[in-house]
Amino acid sequence: MEGRHLGLGRWHHITQSTVETYARLTYDEQYLHVDLLRATEKFGGTVVHGFYLLSLLPDAVFELTKPLQETHTYMFYGHDEVRVHFPVLTGSYVRYDLTVVKVTLLKPHMYRLDVDAKLEVQGRDRHAVTCRYLSVVSRN
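Right, let's walk through the structure included here. (Residues numbered from 1 in each chain as written. Predicted model: local features only at pLDDT ≥ 70, side-chain atom pairs only at ≥ 80, totals over all residues. Heavy atoms only, no water.)

1. Concerning helix α5 (residues 57-64)
Note that an α-helix has 3.6 residues per turn; residues three or four places apart therefore point the same way.
So, step 1. Along α5, the positions that sit buried rather than exposed are Leu57, Ala60, Val61 and Leu64. The buried residues of α5 all sit within an arc of 100° when viewed along its axis, so they share a single face.
So, step 2. On its buried side, α5 packs onto β1 (5-8), α4 (50-55), β3 (72-84), β4 (93-107), β5 (110-121) and β6 (129-139). (Buried < 20%, exposed > 50% of the residue type's maximum accessible area, 1.4 Å probe, protein only. Helix = DSSP H or I, 4+ residues; strand = E, 2+ residues; numbered from the N terminus. Arc of directions from axis to C-beta. Contact = heavy atoms within 4.5 Å.)

In structure tokens form, the structure reads like this:
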């Protein structure tokens, strides 16, 4: 399984409304997220929260491991090596590209799964976010 490309997740359209809701829920209402006029002057538009972009990862993992969901349970364990390489603007379409890099046996029928995750932004030639997504997988 190590080295296996899990695939590309579905495209997510990130709207200003979603970013503003996320800003209110997380108490991160900096102007770059919610003030279109001011953010446009500096960034070309409002900027999506980095943690919001990371929060899309479980959807990709769930989608791309669906065949195993009936026999296994996936639990979030953490992130390593998180980098946001450039600001992602609201209105963008994004998706994750996932590859398994390491599988560690923790105990019988329980593994730690390390997955390289790269966030693609439609129309951009490099990844906006890269990280290692960690989960614990156990047989039901």
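2. Re the pattern of salt bridges
So, step 1. Applying the stated criterion across every chain yields a total of 5 salt bridges.
So, step 2. Between arginine 95 and glutamate 120 there is a salt bridge, with the nearest N and O atoms lying 2.9 Å from each other. In this pair, arginine 95 is assigned in strand β4 and glutamate 120 in strand β5, connecting sequence segments 25 residues apart.
So, step 3. Classification of glutamate 120 by relative accessible area gives buried; the value is 19%.
So, step 4. The closest approach of N and O atoms between arginine 112 and aspartate 114, which form a salt bridge, is 2.9 Å.
So, step 5. A cluster of three or more residues bridged by salt bridges with shared partners is formed by Arg10, Asp59 and Glu63. (Salt bridge = Lys/Arg side-chain N within 4 Å of Asp/Glu carboxyl O.)

What is shown is where atoms sit, not what they do.
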